[in-house]
Amino acid sequence: MSGSIAEFFWVFTVFIAMLAFAGFYCILVTRNLIRALIGLEILNKAVTLLFIVVGYITGRQALVQALVITTIVIEVVIIVVAGGVIMSVYRNDESLDARNLRNLKG
Amino acid sequence: MTNLNLMLLVLMVAAAVWAVMARSLLKAAIGLAIASIIITIFMFEFNSPLAAVFELSVCSGLITVIFLSTIGLTRPLSHKELLALSRDRGRRYGFMPLLVIACGAILAFVFLKMPLDLEVAKNTISVGAREVLWNFRHLDLFGQIMILLAGGFGAVLLFRETNTDEW
């Protein structure tokens, strides 16, 4: 196909990869549970944008929109439940530090 | 590839990096909402208005509110704890923008001249998103309802006040 579409796709893919890298880095490095959730959210945003770009290029926006809506619903449920888990951890330990979860070991 | 798109992409990655690096969690949540708004602009631009409305109302609205309430319900760090944290904070996050830029540069060097096989683009479906969602992807809807139920029950269980010591 034409080179301009390929260039358009790869430029978006590079930035999406940067977004995903930022999310991965956040999850790996942070010790704060809420910030880990923010990293997960950034990863999710990268996936959503990749869906949208691919749908635009292939002309299948309808299918992609259905998938994105499904992704968003799952994302919200994950955030709500993970937020609840974080609140429970905070009630028990009075801290949001992930290192304190080591006392669950064994 | 227009200049506006490039500018928005750079802004989006900058907002995400700010969300990761910001000292205050409130600022991190705001950075995330900004990244989400920029993705919404791309969705409108790429003819996906239904997904854009969902993204704008749910991801930059509802999820930000959930983050803000979670942050509000937890105690902020004391000055002493902040000082202790900021000591190794620079070591952990200082290289992050450089690493993100290096990752982008390496990928751009590898991919930008690569050809793209777009055979699938010829077989486009000319139906709307609603038809796809209701007629072709109804199993997705069933899955969404199950996940929403699971999330609802999970939230009820997690936020239930424990009056007895039985469990």
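See above for the structure.
Calculation rules
Residues numbered from 1 in each chain as written. Chains lettered and ligands numbered in written order. Predicted model: local features only at pLDDT ≥ 70, side-chain atom pairs only at ≥ 80, totals over all residues. Heavy atoms only, no water. Contact = heavy atoms within 4.5 Å. Buried area = accessible area lost by both parts, 1.4 Å probe. Salt bridge = Lys/Arg side-chain N within 4 Å of Asp/Glu carboxyl O. Helix = DSSP H or I, 4+ residues; strand = E, 2+ residues; numbered from the N terminus. Buried < 20%, exposed > 50% of the residue type's maximum accessible area, 1.4 Å probe, protein only. Patch = residues over 30% accessible without salt bridge, like charges linked within 9 Å, V, L, I, M, F, W, Y side chains within 5 Å. Areas by Shrake-Rupley, 256 points an atom, 1.4 Å probe, with all protein chains shown as cover.

Q: Just checking my understanding: could you explain the interface of chain B and chain A for this structure?
A: Where interface size is given, it is often the accessible area lost as the parts come together that is meant. Contact with chain B, which involves 80 residues of that partner, is made by 66 residues of chain A. In this assembly, chain B packs against chain A so that about 6,900 Å² is buried in total across both faces, 78% of it on carbon and sulfur atoms. Three residues, Phe46, Leu116 and Leu158 of chain B, lead the burial of chain B against chain A; their summed loss comes to 10% of the area buried on that side. There are 1 salt bridge connecting chain B and chain A. The shortest N-O distance in the salt bridge between lysine 45 of chain A and glutamate 55 of chain B comes to 3.6 Å. Top element by residues in the side of chain B that touches chain A is helix 3 (residues 49–73) of chain B. It accounts for 14 residues.

Q: What exactly am I supposed to notice about the environment of alanine 22 of chain A here?
A: Residues and elements named next belong to chain A. Mapping alanine 22 onto the fold places it in helix 1 (residues 3–29). Given a relative accessible area of 0%, alanine 22 falls into the buried group. Through-space distance from the C-alpha of alanine 22 to that of alanine 46 is 9.9 Å; in sequence the pair is 24 residues apart.

Q: Quick question: what am I supposed to make of unusual backbone geometry here?
A: Most peptide bonds take the trans configuration, and most residues that are not glycine carry a negative phi. Residues other than glycine seldom take positive phi values, yet glutamate 94 of chain A does so here, at roughly 60°. In this structure, glutamate 94 of chain A sits in the segment after helix 3 (61–93). Glutamate 94 of chain A sits in the partly exposed class, given a relative accessible area of 48%. You will see that asparagine 47 of chain B, though not glycine, has its phi angle at about 60°, which is positive.

Q: Even after reading the chapter, I still don't get a nonpolar patch on the surface, so can you show me in this structure?
A: Together, Leu139, Phe142, Ile145, Met146, Leu149 and Phe153 of chain B give the surface a local cluster of nonpolar side chains, amounting to about 670 Å² of exposed area. Along the chain, the position of isoleucine 145 of chain B falls in helix 7 (residues 138–159).

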